[in-house]
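Chain residues, written in single-letter form:
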Amino acid sequence: VKPKAYKAASFQDRNRPVPGGVSIGKTNPFSTGTAGLIVIKNNQLYILSNNHVLIKNNSSDFSETVQPGPADGGASGRDRVGRAYQFVPLRPGGINFQDSSIALPTSNRILNPRYLRSASGQLITVSGHLLSYPVGLQVFKSGRTTGAVRGTVESNNVDVRVSYGGSLGTLLFRNQTVVVGNNGPVSLPGDSGSVWLRSSDRYAVALNFAGPADGSRSICNPIGFVMASYGVRTAIPAAG
């Protein structure tokens, strides 16, 4: 089945505990993206996604995290899974290297350190994350809108301008990765925050945050740079 014809309903459902690859967002102001990866630091779990998905107005104002996101029926209070915890500010007029944030869950138990691989509910574990990777690498990811898709790293170390609108305007990002879809769209609205994994061994590669209108390419932050910003690593399930 081609991804463009793929109805990935379970990626948009209410999932408890919450794995990577599913709908997430904030209610004020409304935004819906993808919970890219469950990460860990000092035995505390977090949800990794984008600044523009989880953070209110690029600021430290309180922001509730809901799953699923508002576009999928997620509501304040009832669907709350945590709150925005830490982020890298987006810099209008400056140079940006990532669009990222992490959310602190209401408890570790509400998160599942796994990754939803298919609309049928298949869960996988993420092996870790890469510090570098070559052009031509085969990758896959799960996102709220396009579901389970495959792609190829088309270029690295790219400078790109991304339009955010509003007070942010158009931002310059440096040293980004571009992934081209192997068969249909890979980055549509709602896929923001999804994380690409290496096809051969499920190591995290890059954090998706933008793409052209047709979704044919994913503009993403190299994951090693993102993980280092927060001092986190990929969470794995406890033995047994």
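Residues numbered from 1 in each chain as written. Predicted model: local features only at pLDDT ≥ 70, side-chain atom pairs only at ≥ 80, totals over all residues. Heavy atoms only, no water.

1. Describing the overall build of the protein chain
Secondary structure assignment for the protein chain yields two helices and 19 strands. In terms of overall dimensions, the protein chain is globule-like: its C-alpha atoms have a radius of gyration of 16 Å, near the 18 Å expected for 240 residues. Along the first, second and third principal axes, the C-alpha set of the protein chain runs to 40 × 40 × 35 Å. Across the protein chain, every contact between residues at least 6 apart in sequence was considered, and the portion connecting residues at least 24 apart equals 66%. (Helix = DSSP H or I, 4+ residues; strand = E, 2+ residues; numbered from the N terminus. Rg over C-alpha atoms; globule rule 2.2 N^0.38 Å. Contact = heavy atoms within 4.5 Å.)

2. Some words on the side chain of Asn 208
Relative to the assigned elements, Asn 208 resides in strand 17 (residues 203–210). Classification of Asn 208 by relative accessible area gives buried; the value is 0%. A polar contact is formed between the side chain of Asn 208 and the side chain of Ser 218, at a distance of 2.6 Å. When residues no more than four places from it in sequence are discounted, the contact partners of Asn 208 are Asn 50, Lys 141, Ser 187, Asp 191, Ser 192, Gly 193, Ser 194, Trp 196, Ser 218, Ile 219 and Cys 220. (Buried < 20%, exposed > 50% of the residue type's maximum accessible area, 1.4 Å probe, protein only. Polar contact = N/O pair within 3.5 Å; in protein donor to acceptor, adjacent residues only side chain to side chain.)

3. Comments concerning the sheet that holds strand 11 (residues 123–124)
The strand order across the open sheet built from three strands is 1-10-11, with neighbouring strands paired in mixed fashion. Only two strands of the sheet have a single neighbouring strand rather than two, namely strand 1 (18–20) and strand 11. Bridge count for strand 1 against strand 10 (residues 111–116) is two bridges, and the pairing is parallel. Opposite Gly 20, over in strand 10, you have Tyr 115 as the bridge partner. (Pairing = 2+ DSSP bridges.)

4. Overview of the pattern of salt bridges
Applying the stated rule across the entire model yields six salt bridges. A salt bridge links Asp 79 to Arg 14, with the nearest nitrogen and oxygen atoms 2.8 Å apart. You can see Asp 79 sitting in the loop between strand 6 (64–66) and strand 7 (80–87) and its partner Arg 14 sitting in the segment before strand 1, a full 65 residues away along the chain. Judged by relative accessible area, Asp 79 falls into the buried class, the value being 2%. You can call Arg 14 partly exposed: its relative accessible area is 47%. Each of the salt bridges in this network shares a partner with another, and the network as a whole consists of Arg 14, Arg 78 and Asp 79. (Salt bridge = Lys/Arg side-chain N within 4 Å of Asp/Glu carboxyl O.)

This is a description of form; function is not addressed.
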